[in-house]
Amino acid sequence: MDGPNIRACAATPGSTRRTGARAGRASRRLRLRHPEYNHGTSAPLKNAIDDLHLEWQYKPVGFVSYGGVAAGTRAVEQTKQVVTAVRMVPVVEAVTIPFFQQFLDEDGTVRANEPMEQGAAAMLDELVRVEEAPRPLRDAVAGAV
Ligand SMILES: Cc1cc2nc3c(=O)[nH]c(=O)nc-3n(C[C@H](O)[C@H](O)[C@H](O)COP(=O)(O)O)c2cc1C
């Protein structure tokens, strides 16, 4: 499941299952960095969800997507079907970055504009809110993984 999209899967760097699982267990909520390839979700990301479905169940998840004109949103909609199948809880609020190259500085760092900042703040607020309700469900399965 190595791949560039996995690094942000559990909000900490790592491309191995063990690292991802450890980060996924420690995180109470997840942000997925999400590209779009040919109008679809990415294979490494799908593989990560498949592989970590036990660790990630009942966790809220938000999406930071990027790409061309659609800013990765078509791919995010596909991924939402997958994350609900493994009992993750996707939030509506999101960060979407169209034509992402225009936001990169000379170091390759994204310089966020106001809509991105607002989307990020709304998404993080919602992740915190949604985290509370499924806590008993997470606690119940925590010993099993
Ligand atoms: C083969 C290929 C197909 C792509 N298809 C789309 C697409 O359908 N929609 C879109 O918004 N971006 C598309 N992109 C752009 C990617 O989502 C992404 O922005 C770009 O590849 C840079 O990100 P990466 O370095 O993580 O791949 C495509 C890129 C590649 C290489």
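Predicted model, so just to flag it, every value in this text is computed and none were measured.

Asker: Which parts of the structure should I look at to understand the pairing of strand S2 (residues 60-67)?
Answerer: If a strand is regular, its side chains alternate between the two faces of the sheet. By the criterion of burial, S2 is predominantly enclosed, with eight of the eight residues buried. Along S2, one buried face is formed by Pro-60, Gly-62, Val-64 and Tyr-66 and the opposite face, lined by Val-61, Phe-63, Ser-65 and Gly-67, is buried too. Of the strand pairs in this sheet, strand S1 (residues 30-34) and S2 are connected by five bridges, and their pairing is parallel. Counted as the bridge partner of His-34 is Ser-65 from S2. Both S2 and strand S3 (residues 89-98) contribute to a ladder of seven bridges, which runs parallel. Within S3, the position partnered with Ser-65 by the bridge is Thr-96. Crossover S2 to S3 through helix H4 (residues 73-85) is right-handed.

Asker: Sorry if this is basic, but what is going on with the site of the ligand here?
Answerer: As a matter of local geometry, the ligand sits amid twelve residues, with Pro-35, Glu-36, Tyr-37, Gly-67 and Gly-68 nearest to it. Across the shell around the ligand, the residue classes break down as six nonpolar, five polar and one charged.

How each quantity is defined
Residues numbered from 1 in each chain as written. Predicted model: local features only at pLDDT ≥ 70, side-chain atom pairs only at ≥ 80, totals over all residues. Buried ≥ 20, exposed ≤ 12 C-beta atoms within 10 Å, placed from the backbone. Helix = DSSP H or I, 4+ residues; strand = E, 2+ residues; numbered from the N terminus. Pairing = 2+ DSSP bridges. Right-handed = clockwise from strand over helix to strand, strands pointing away. Near = placed C-beta within 6 Å. Nonpolar A, V, L, I, M, F, W, Y, C, P; charged D, E, K, R; others polar.

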